[in-house]
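Observations on chain architecture
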Amino acid sequence: MSREKISPSEIKLKNRQMIYQYVRTNTSVSKQDIVVALQLSLPTVTQNLDYLKKQNLIDTSRKIKNTGGRNATAYTYIKEAKMAIGVYITAHHINAVAVDLSGNVTGIVKQQSQFALDDDEYLKKIGMVVKEVKRQAEISDENLLGVGIAVPGLVSDDGESVLYGMTLDFTGKTRAEIAEYIPYHNRLVHDSYAAGYAETWSDHRVKNGFYISLSNSVGGSIIINQSIYEGDTQKGGEIGHMVVVPKGGERCYCGRYGCFDTVCRASILDQYTDGNLEEFFVLLKAGDKTAEALWDEYLDNLAVAVHNMRILFDGVIIVGGYVGAYIGDYMDELCARVDAHNPFDDCAKDYLMQCRYKIEATAAGAAIFFIDNFLNSI
Ligand SMILES: [Zn+2]
């Protein structure tokens, strides 16, 4: 067995990334801290810190107070040094977020608008929402890494075209058409992929698992070894179309009957409150009988899906999407229902979790695509 040779330039890049990562994780450190922690030579550390400073990625204006001797320079990570924007276009909304290098959402702009990619006015609106979030988050052209455009459909590997957009009938649309009025570097991202990606990226405990997106449609993404598994034809994780009601089920938007989407999309709940999901959960908490009955059936169906995912992947299951944002208070109940199906002795509370990104996870994930690329190329 021969060991792969690492070239000097690869070592150099790796050292730089290690140093930057160390400063990012520890917020504010001295040069000596880095030398000791990473076991690198002082010249290597100095040279890389100088480079990062020149790139405006770290701040050196503060001092670390020493007891005795002179105060050392504090190297501080600047999370807003570079930013990315994510925009999520759905049936009724155009929502955009600004995301910093730590994955924090620092700005949100939402606009109600009917999905209409053939209408030039609609395309202009997408461009305006992106420009507005850029302005609000005060991102300069130079610091903007790119714009991720999340769409409710399957997207080609290179982010250039929509392979399957049945929910809103836009199969075949291209990035260039959708982003006509976005004058920045951009790409398309599949929406349920984006949300799962945001969760994995921000939480390294998620090694293997499944992200269930419970929004206007149901989707998901499979996470294997901390990266998204898309399958041979980019349809991996499309659990919305698992058949869960084999006979007598409702018609799904895909044209078939009894799909998981028909029992667990968000509108199953918020059809009772005129499309206002927050209001649904307010009524549920207040003991409204209809809301309780809808929720009871919804949780039963969700428990079956969670159980099936666990049996398949034996990993963490993250409940996300619009419904995932409100499910916190009901996780114990969901866990109990999942455990009732489980033939093994593991408990759902140990592997089932609510999503971390509760606001605009999908748009955030589309932006994080550019953040991650940047961090890997420093
Ligand atoms: Zn379906």
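Thresholds, definitions, all that
Residues numbered from 1 in each chain as written. Predicted model: local features only at pLDDT ≥ 70, side-chain atom pairs only at ≥ 80, totals over all residues. Heavy atoms only, no water. 1 Å grid on protein atoms, 1.4 Å probe; cavity = no way out; pocket = protein on both sides within 12 Å on 5 of 7 lines; lining within 4 Å. Points joined across faces, edges and corners; volume = space filled by probe spheres on them. Nonpolar A, V, L, I, M, F, W, Y, C, P; charged D, E, K, R; others polar. Domains from an automatic or database assignment. Helix = DSSP H or I, 4+ residues; strand = E, 2+ residues; numbered from the N terminus. Donors = N, O, S within 2.8 Å, 3.2 Å for Na, K, Ca; no water. Tetrahedral: all angles 85-135°; square planar, octahedral: opposite > 155°, others 65-115°. Buried < 20%, exposed > 50% of the residue type's maximum accessible area, 1.4 Å probe, protein only. Core = buried A, V, L, I, M, F, W, Y, C linked by side-chain atoms within 4.5 Å. Buried area = accessible area lost by both parts, 1.4 Å probe. Salt bridge = Lys/Arg side-chain N within 4 Å of Asp/Glu carboxyl O. Polar contact = N/O pair within 3.5 Å; in protein donor to acceptor, adjacent residues only side chain to side chain. Pairing = 2+ DSSP bridges.

With that out of the way, let us pick up the layout of surface pockets. Taken as a whole, the largest pocket encloses approximately 1,200 Å³ of empty space. Residue composition of the lining of the largest pocket, grouped by class: 18 nonpolar, 20 polar and 11 charged. The residues that make up the lining of the largest pocket include at least three from each of domain 2 (83-195 + 361-377) and domain 3 (205-354). Around the second largest pocket, the lining is made up of 19 residues, and of these Arg24, Trp201, His204, Asp372 and Leu375 lie nearest the centre. For the lining of the second largest pocket, the elements supplying multiple residues, two or more each, are helix H1 (8-26), helix H6 (191-202), strand S13 (227-229) and helix H13 (361-377). At 5 residues, H1 tops the list of elements feeding residues into the lining of the second largest pocket. When its residues are assigned to classes, the lining of the second largest pocket shows 7 nonpolar, 10 polar and 2 charged.

Looking now at the coordination of the zinc ion. The zinc ion binds to the protein through His241 (ND1), Cys252 (SG), Cys254 (SG) and Cys259 (SG); the donor distances cover 2.1 to 2.4 Å. In this structure, the zinc ion is surrounded by 4 donor atoms whose angles at the metal cover 103 to 120°, and the resulting shape is tetrahedral. Read from N- to C-terminus, the donor residues coordinating the zinc ion fall into the pattern H-x10-C-x1-C-x4-C. Residue class for Cys252 comes out buried when judged on its relative accessible area of 3%. Classification of Cys259 as buried rests on a relative accessible area of 2%.

Below, the discussion takes up the nonpolar core. With 51 residues, the main nonpolar core has Ile34 and Leu101 as its most contacted residues. Top contributing element to this core by residue count: H13, with 11 residues. Core analysis: the next-biggest nonpolar cluster, separate from the first, contains 38 residues, Ile222, Val263, Leu294 and Ile317 among them.

Attention now goes to the domain arrangement of the protein chain. What the domain assignment lists for the protein chain is domain 1 (8-77), domain 2 (83-195 + 361-377) and domain 3 (205-354). A straight line from the C-alpha centre of domain 2 to that of domain 3 covers 25 Å. Summed over both partners, the interface of domain 2 with domain 3 buries about 1,200 Å², with 57% contributed by carbon and sulfur atoms. Its largest share of buried area at the contact with domain 3, domain 2 owes to Leu154, Ser192 and Tyr193, together 39% of the area lost on that side. Inspection of the region where domain 2 meets domain 3 yields 0 salt bridges. Put simply, domain 2 and domain 3 have 1 residue pair in polar contact (both at pLDDT 80 or more) between them. Of all the secondary-structure elements, those providing two or more residues to the side of domain 2 that touches domain 3 are strand S8 (154-155), strand S9 (162-164) and H6. It is H6 that contributes the most residues to the side of domain 2 that touches domain 3, 3 residues altogether.

What follows is about the pairing of strand S14 (residues 316-320). Of all 5 residues that make up S14, 5 are buried, and the element is covered over most of its length. Alternating residues of S14 divide into Val316, Ile318 and Gly320 and Ile317 and Val319, and every residue in both groups is buried. As judged from the 5 bridges shared by strand S11 (residues 209-214) and S14, these two strands associate in the parallel manner. Its bridge partner lying in S14, Ser213 is registered against Gly320.

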